[in-house]
Amino acid sequence: MSRTSTRIITIYFLTGISWILASDWLFTLLNYPEHPIYQTIKGCAFIIVSGLAFLYMLRKYEQRNTHYLKQLEELNTKLKSRAEELAASNLELEQFAYVASHDLQEPLRMITGFLNLLEKKYGTQLDTQAREYIYFAVDGATRMRQIISDLLEYSKMGIKDFPKENFAVTALLEEIKSLNQSVLNKTDVLISTGDLPQITGGRILLLQVFQNLILNAVKYRKPGKQALIEIKHKDSGAFWEFSVADNGIGIGRDSLDKIFVLFQRLHPREKFSGNGIGLAICKKIIENHGGQIWATSEEGKGSTFYFSIKK
Ligand code: ADP
């Protein structure tokens with residue numbers, strides 16, 4: 001029961017009881033003869049007075065409600081316009097990232113090309129230090145090119161209008177295994193799957209999600225131990241929920257929220273290769289499928305990545 005209803009009922013009871021007691025007391029004081037007509041008058045007067053009081057309280061309640069509703073509507077309108085502004089600025093940012101990364105590729109290719117030419121043509125005339133400088137410059141440019149192409153790839157993932165297909169997840173996983181045969185055969189990996197459903201979504205995009213998660217489970221395995229990867233699903237009403245669990249090195253509790261951020265890595269490049277873009281891409285793809293992605297993990301024991309997609 002709301003606070004207002006409790007208040008109205010309490011006032012009603014108190015007024016009613018006070019009315020009966022006060023009127024009885026008044027009648028006794030004034031020595032009025034006991035006659036049913038007086039009881040009727042008392043009753044009618046109470047109904048009229050309490051009815052008027054009710055009307056007054058309802059009016060006030062309605063007025064306050066209208067006021068709150070108006071405030072809520074104003075807030076909603078503000079929120080909607082903020083969301084629209086945010087969506088527009090996001091789109092602008094994505095377009096900017098696309099254009100910047102696309103246009104940066106060409107001059108970078110030129111830098112790498114000319115540096116290589118310099119080394120090829122004049123390498124013999126340069127001393128070891130100069131050649132080392134060229135090597136570092138080429139290495140830096142190559143890394144920058146990788147980052148730019150990753151950024152380009154990431155900005156392309158922002159497209160929400162992708163073709164949707166109905167496909168079997170088991171077949172998708174078979175395709176991933178055959179695409180990554182060389183890595184999977186080289187490493188001691190065991191992938192187990194339960195019964196997996198037929199789903200609807202961007203097939204190539206979801207292939208990328210499963211592939212990124214599987215290859216990460218292989219990459220971040222415990223040295224000298226077989227990598228066990230278990231892929232399961234759950235039907236949660238309006239969503240399909242998938243999980244990819246591994247028995248790898250795991251992730252510290254504090255780092256779990258960082259791993260889905262673009263270019264965030266937990267290990268130095270010398271230890272594990274990568275650019276910190278895989279999970280950010282997964283997040284974008286899953287969000288564009290109306291779902292969510294998250295992970296649970298225990299350092300040294302393994303991690304489980306979950307994602308949901310709208311049916
Ligand atoms: P990358 O692997 O290129 O660094 P990702 O975006 O795929 O980029 O992953 C981000 C970080 O999350 C990785 O650097 C790694 O530290 C951590 N990570 C991802 N998957 C796993 C996993 N299965 N086990 C342990 N750590 C993981």
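So, a few notes on the structure that sits alongside this text. (Residues numbered from 1 in each chain as written. Predicted model: local features only at pLDDT ≥ 70, side-chain atom pairs only at ≥ 80, totals over all residues. Heavy atoms only, no water.)

## Quick notes on a positive patch on the surface
Note the cut-off: Without a salt bridge and with relative accessible area above 30%, a residue can belong to a patch; like charges are then joined within 9 Å and nonpolar side chains (Val, Leu, Ile, Met, Phe, Trp, Tyr) within 5 Å. Here the Shrake-Rupley method, with its probe set to 1.4 Å, supplies the accessible areas, and only the displayed protein chains count as covering residues. By convention in these notes, a salt bridge is any Lys or Arg side-chain nitrogen within 4 Å of a carboxyl oxygen on Asp or Glu. Under this rule, positive means Lys or Arg and negative means Asp or Glu; His and the chain ends count for nothing. Charged side chains are reduced to one point each, which is NZ for Lys, CZ for Arg, CG for Asp and CD for Glu. Only runs of H or I of at least four residues qualify as helices and only runs of E of at least two qualify as strands under DSSP, and these elements are numbered from the N terminus.
Residues Arg3, Arg7, Lys60 and Arg64 make up a contiguous surface patch of positive charge. With respect to the secondary-structure elements, arginine 7 resides in helix H1 (residues 3-29).

## Considering H1
What counts here: Expected span of a helix, by definition, is 1.5 Å for each gap between consecutive residues, and there is one gap fewer than residues. Think of it in three bands: with a 1.4 Å probe and only protein chains considered, a residue is buried below 20% of the maximum accessible area for its type, exposed above 50%, and partly exposed in between.
Helix length check: H1 (27 residues) gives 38 Å between terminal C-alpha atoms against 39 Å at 1.5 Å per residue, within 8%. What H1 keeps buried is the set Thr4, Ile8, Gly16 and Ser23.

## Description of the pairing of strand E4 (residues 227-236)
Rules: By this definition, two strands are paired if DSSP reports at least two bridges between them.
As defined by bridge partners, strand E2 (residues 189-193) adjoins E4 across 5 bridges and the pair is classed as parallel. Its bridge partner lying in E4, isoleucine 191 is registered against isoleucine 229. Across 8 bridges, E4 lies against strand E5 (residues 239-246) in antiparallel orientation. Among the inter-strand pairings, serine 236 is bridged to a residue of E5, identified as phenylalanine 239.

## A closer look at the site of the ligand
The condition is simple: We define proximity as follows: a residue is near a molecule or strand when any one of its heavy atoms falls within 4 Å of that partner. As a working rule, the residues Ala, Val, Leu, Ile, Met, Phe, Trp, Tyr, Cys and Pro are called nonpolar, Asp, Glu, Lys and Arg charged, and the rest polar, with Gly in that last group.
Looking at the ligand, there are 20 residues lining it, with Asn216, Tyr220, Asp246, Arg265 and Leu279 nearest. With the chains in place, 98% of the 530 Å² that the ligand exposes on its own is no longer accessible. At the level of secondary structure, the elements contributing two or more residues to the shell around the ligand comprise helix H6 (203-219), helix H7 (278-288) and strand E7 (302-310). Looking at the shell around the ligand, the element that brings in the most residues is H6, giving 3 residues. When its residues are assigned to classes, the shell around the ligand shows 8 nonpolar, 9 polar and 3 charged.

## Here we look at unusual backbone geometry
The phi angle of most residues is negative, glycine excepted, and most peptide bonds adopt the trans form. The residue phenylalanine 263 is not glycine, and still its phi comes out positive at about 65°. Note that phenylalanine 263 resides in the loop between E5 and H7.

## Concerning the pattern of salt bridges
Enumeration according to the criterion identifies 8 salt bridges in this entry. Residue arginine 143 pairs with aspartate 139 through a salt bridge whose shortest N-O separation is 3.8 Å. Of this pair, arginine 143 and aspartate 139 both sit in helix H3 (residues 128-156), 4 residues apart, which is roughly one turn of that helix. Take arginine 143: its relative accessible area is 45%, and that puts it in the partly exposed class.

## Side note on the side chain of serine 23
Going by this rule: A 3.5 Å cut-off defines polar contacts: any pair of N or O atoms within that distance qualifies, except that in protein one atom must be a possible hydrogen donor and the other a possible acceptor, and neighbouring residues in sequence count only when both atoms are side-chain atoms. We call two residues in contact when some of their heavy atoms are within 4.5 Å.
Within the secondary structure layout, serine 23 lies in helix H1. With a relative accessible area of 11%, serine 23 lands in the buried category. For serine 23, the side chain forms a polar contact with the main-chain oxygen of isoleucine 20, separated by 3.1 Å. Among residues more than four places away in sequence, those in contact with serine 23 are Ser18 and Lys42.

## A closer look at the environment of aspartate 188
Here aspartate 188 is to be found in the loop between helix H5 (181-186) and E2. Those residues within four positions of aspartate 188 in sequence are excluded, and the remaining contacts are Lys225, Gln226 and Ala227.

## Quick word on the packing of H1 against helix H2 (residues 36-122)
The relative placement of two packed helices is expressed as an angle between their axes plus a distance between the axes. Put simply, the test is: Axis lines are fitted through C-alpha atoms, for helices just across the contact stretch, and the angle between N-to-C directions can take any value from 0 to 180 degrees. Should an angle fall under 35 degrees it is called roughly parallel, over 145 degrees roughly antiparallel, and 65 to 115 degrees roughly perpendicular, with every other angle called oblique. Two helices cross in a left-handed way if the nearer one is turned anticlockwise from the farther one by less than a right angle. They cross in a right-handed way if the turn is clockwise.
Between H1 and H2, whose axes approach to 11 Å, the crossing angle comes to 155°. Taken together, the axis directions place H1 and H2 in an arrangement best described as roughly antiparallel. The chirality of how H1 crosses H2 is right-handed. Along its contact with H1, which presents Thr4, Arg7, Ile8, Ile11, Tyr12, Thr15, Gly16, Trp19, Ile20, Ser23, Asp24 and Phe27, the element H2 presents Tyr38, Lys42, Ala45, Phe46, Ser50, Phe54, Met57, Tyr61 and Arg64. Residues of the contact of H1 with H2, tallied by class, amount to 12 nonpolar, 5 polar and 4 charged.

## Focus on the packing of H6 against H7
Packing of H6 against H7 leaves a shortest axis separation of 9 Å and a crossing angle of 145°. The two elements H6 and H7 cross, and the hand of that crossing is left-handed. For the pair H6 and H7, the contacting residues are Leu205, Leu206, Gln208, Val209, Asn212, Leu213 and Asn216 in the first and Gly278, Leu279, Ile281, Cys282, Ile285 and Ile286 in the second. A per-class count over the contact of H6 with H7 returns 9 nonpolar, 4 polar and no charged.

None of this, on its own, says anything about what the molecule does.
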